[in-house]
Amino acid sequence: MPRTNRNIPEPNPVGRVGQTAGTLPPTWKPSIVVAAPLPLVIVSVAVFNLILPPPAQFNKGLAFEPPYLNAILYTIFLALTSFIVAYISFKSYVQNGWTFLVLLGSGALAWGTTSLIAGWLTNLPTGPNPAITISNTGALVASIFHVVSSTWSRGPSTQKSAKIRRSILIFAYGGVLGFIALYAIVALEGMTPAFFVPGVGQTVLRMVVLGSAAALFAVASILFARRYFSSQSRSSTLYWYFLALGLTGVGLAAVFFGRAPGDPISWTGRTAMFLGGTYFLKAVHTAFKGTSVR
Amino acid sequence: MTAPRPKAGASGFDQLFPGETEKGLRVKTGIVELDEMLRGGFMPGDAVMLAGSAGMGKTTLALEYLVNGVSMGEPGIYVTFEELPDQIYRDAKNFGWDLRRLEEEDRFRLICTSPSLILESGEDSLLDDALRDIQPRRLVIDSLSHLELFVKNDDMRMEAYRVIRYLKTRGVSSMLLWESTQISGGSFSVTDVGLSFLVDCIIALKPVEIESSMRKALVVLKMRGSNHDKRLREYDITSHGIEVSAPFTNYEGLMTGSPRRSVTEEAANNWAMAFAKNKQKHS
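Model, not experiment: these values are computed from the prediction.

Novice: Explain the overall build of chain B to me, using residue names and the numbers behind them.
Specialist: When helices and strands are counted, chain B shows eight helices and 11 strands. Taking all 283 residues of chain B together, the buried fraction comes to 40%. Across chain B, every contact between residues at least 6 apart in sequence was considered, and the portion connecting residues at least 24 apart equals 65%.

Below, the structure written as structure tokens:
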């Protein structure tokens, strides 16, 4: 029924002044179901870890790695979703001036760009090492940005004009892209230490980098979750975002335990990361919907 | 002495200022930002409609246009049908414009008359006398809406056309003020009697409500033969006259009078607020 002067409900005389059932935004309640994949992934990885043989005795028939499937999925679920997060963080910083948005956007940009490059470099004839190197390093850079962003407590820089903010962001995003481009070239030239040796498995360096990235994503997720639960106006945007970070962290951890690229543990991890990408998108969607607080 | 006349054999009003447009000469308003919007100023000899509701600063802008013209060596005439001379002298003085002095120097003329006398424009008319006396390059009619009091609605277009044509043939760049009740929505109807197509340029002045305060927006709706800024810009009436500032970049629906932030801007704001520890609204 169209709202007219006749059918707008009268204010309720009892309760909060000026708020009526007809004017209050619909209440948003966090869904526990959307958080369920987090423990599910952890349990699945633990089970697979018990069932599957160690890397040395791993049968390649258990791995599923069709060419370009990974590239397409990485592009859609990790790169594009991260670019959208980077874009809205860009707009948001220019408008509001909160420094944590620069860090958040830079982290998303690093994650998206390295996922895109790594996804399409997986099938190189020289082996998957450059792709894994780029992907894992990108994950570490992104996780660091996210942790710093989640701990950043300083308010907005009101003195800086929108023009200056834009310049700062272009400089920050340009720096991230420049670093990744340079690092990708170095990795492709074989000038970086090995992250993965075919037939042997991951190196200690990769374990450290990937493990740190997974842990830092988890830390960022917990810090944002704390912010969510301690806030009076719980934002659905923040809810989806910390779950997305959690799934990314868990996904990376799953990849850490993988026996070989394309094995069931890797796919469990990848699925978690893809779901995380979808959650990032959902977080942006709630910001566009504008009814994101309860 | 009369204003510049078309050369023999010239056809069409655009021949009144041969070469001026090509050389890039424009009739500057003297308001830097507005001239930027007009890509240098109005086209010479053009009839400009300045439309807006009451209190939007039409008279102020028109007076500033004339005063700035005088300082650029272009005499001007201000024809008013509503305000008395003393009132205009006083109001102009508040902006620092000494109209009496300009009149004494024969560079400006204030004509307070009835619309019926304008309709009688001819060789011996009041307007023709003033045109001969000070040879103006600019003329303001405040306002064309008053003609409606003396002319039937059906004849309004014809009479307005006659006035515009009269001024154009005398090589005067005219600014016609129009009291418009609403310029909004998709129709962009500036006048109710279909005068928009008679003029070469239309500038609309519009009140917009933003965050519970009334602000003023200015837009060039039409400019024949020239590119122009299509964006709505905020302006204000200051103690020095009209001050045009930056375009309203973050809002949609300005022409409706009740703009809202663009969807992306709103989302970007929600995004920041979702993560910010301090929920103080900041934008």
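Novice: So what about the pairing of strand β1 (residues 47-52) of chain B? Which residues, and what values?
Specialist: All names here are of chain B. Of all six residues in β1, six are buried, a share of seventy percent or more. Here β1 shows no split at all, with Ala47, Met49 and Ala51 on one side and Val48, Leu50 and Gly52 on the other all buried. Bridge analysis of β1 against strand β5 (residues 173-179) gives six bridges, and the strand direction is parallel. Its bridge partner lying in β5, Met49 is registered against Leu176.

Novice: Lay out helix α2 (residues 69-96) of chain A with the relevant residues and their values.
Specialist: Residues and elements named next belong to chain A. The end-to-end C-alpha distance of α2 is 39 Å, a good match for the 40 Å that 28 residues give at a rise of 1.5 Å each. At Thr75, α2 shows its largest kink, close to 35°. One or two steps after α2, the chain reaches Gly97, where phi turns positive at roughly 80°.

Novice: Can you explain the confidence of the model for chain B? Please cite residues and give values.
Specialist: Residue and element names in this part refer to chain B. Of the residues in chain B, 81% reach a pLDDT of 70 or more, and the chain-wide mean stands at 81. Considering each helix and strand of chain B separately, the mean pLDDT is smallest for strand β11 (residues 260-261), with a value of 73, and largest for helix α2 (residues 58-71), with 95. Here residues 1-23 is modelled with pLDDT under 50, and outside its nearest four sequence neighbours on either side it reaches 26 contacts, counting other chains as well. Across residues 278-283, confidence stays below pLDDT 50; counting only partners more than four residues off in sequence or on other chains, it has eight contacts. The complex prediction reports pTM at 0.60, with the ipTM value standing at 0.80.

Novice: A description of the environment of Leu62(A) should follow, citing residues and the corresponding values.
Specialist: All names here are of chain A. Looking at where Leu62 falls in the secondary structure, it is placed in the loop between α1 (37-51) and α2. Considering only alpha carbons, one finds Leu62 and Ala260, 198 residues apart in sequence, at a separation of 9.3 Å. Those residues in contact with Leu62, other than ones at most four positions away along the chain, are Asp263 and Pro264.

Novice: Pulling in residues and values, what's your account of the sheet that holds strand β8 (residues 233-238) of chain B?
Specialist: All names here are of chain B. One open sheet accounts for nine strands, arranged β3-β2-β4-β5-β1-β6-β7-β8-β9; its pairing is mixed. With one partner strand each, in any of the chains shown, β3 (108-112) and β9 (241-247) form the two edges of the open sheet. On average, adjacent strands in this sheet sit at an angle of 25° to one another, irrespective of strand direction. One ladder, built from five bridges, connects strand β2 (residues 76-80) with strand β4 (residues 138-142); its direction is parallel. Looking at the pairing, Tyr78 lines up with Val140 of β4. Helix-sheet contacts for helix α7 (residues 153-169) involve β1, β4 and β5, and the interaxial angle to β1 is about 135°.

Novice: Account for the interface of chain A and chain B, with residues named and values stated.
Specialist: Each partner contributes to the interface: chain A provides 21 residues, whereas chain B provides 18 residues. Going through the elements one at a time, α2, α3 (99-121), α7 (236-256) and α8 (264-289) of chain A are the ones with two or more residues in the side of chain A that touches chain B. The element contributing the most residues to the side of chain A that touches chain B is α2(A), with six residues. Here the residues of the side of chain A that touches chain B sort into eight nonpolar, 11 polar and two charged.

Novice: How would you summarise the confidence of the model for chain A if you had to cite specific residues and measurements?
Specialist: On average, chain A scores 85 in pLDDT, and the residues at 70 or more come to 87%. Long-range and interchain partners of residues 1-25 of chain A, a stretch whose pLDDT sits below 50, account for 11 contacts in this model, where long-range means more than four residues apart.

Novice: Go over the nonpolar core with me, naming the residues and quoting the values.
Specialist: Core analysis: the biggest nonpolar cluster contains 86 residues, and Ala213(A), Tyr241(A), Ala244(A), Leu252(A) and Ala254(A) have the highest contact counts within it. With 15 residues, α7(A) is the single largest residue contributor to this core. Once you skip the residues sitting within four places of it in the chain, Ala254(A) turns out to touch Val41(A), Val45(A), Ile265(A), Thr268(A), Gly269(A) and Ala272(A). Core analysis: the next-biggest nonpolar cluster, separate from the first, contains 68 residues, Val27(B), Ile88(B), Trp97(B) and Val140(B) among them.

Conventions and cut-offs
Residues numbered from 1 in each chain as written. Chains lettered and ligands numbered in written order. Predicted model: local features only at pLDDT ≥ 70, side-chain atom pairs only at ≥ 80, totals over all residues. Helix = DSSP H or I, 4+ residues; strand = E, 2+ residues; numbered from the N terminus. Buried ≥ 20, exposed ≤ 12 C-beta atoms within 10 Å, placed from the backbone. Contact = placed C-beta atoms within 7 Å. Pairing = 2+ DSSP bridges. Expected span 1.5 Å × (residues − 1). Bend = angle between axes of the 7 residues up to and from the residue. pLDDT = per-residue confidence, 0-100. Axes fitted to C-alpha atoms, helices over the stretch in contact; angles between N-to-C directions. Nonpolar A, V, L, I, M, F, W, Y, C, P; charged D, E, K, R; others polar. Core = buried A, V, L, I, M, F, W, Y, C linked by C-beta atoms within 7 Å.

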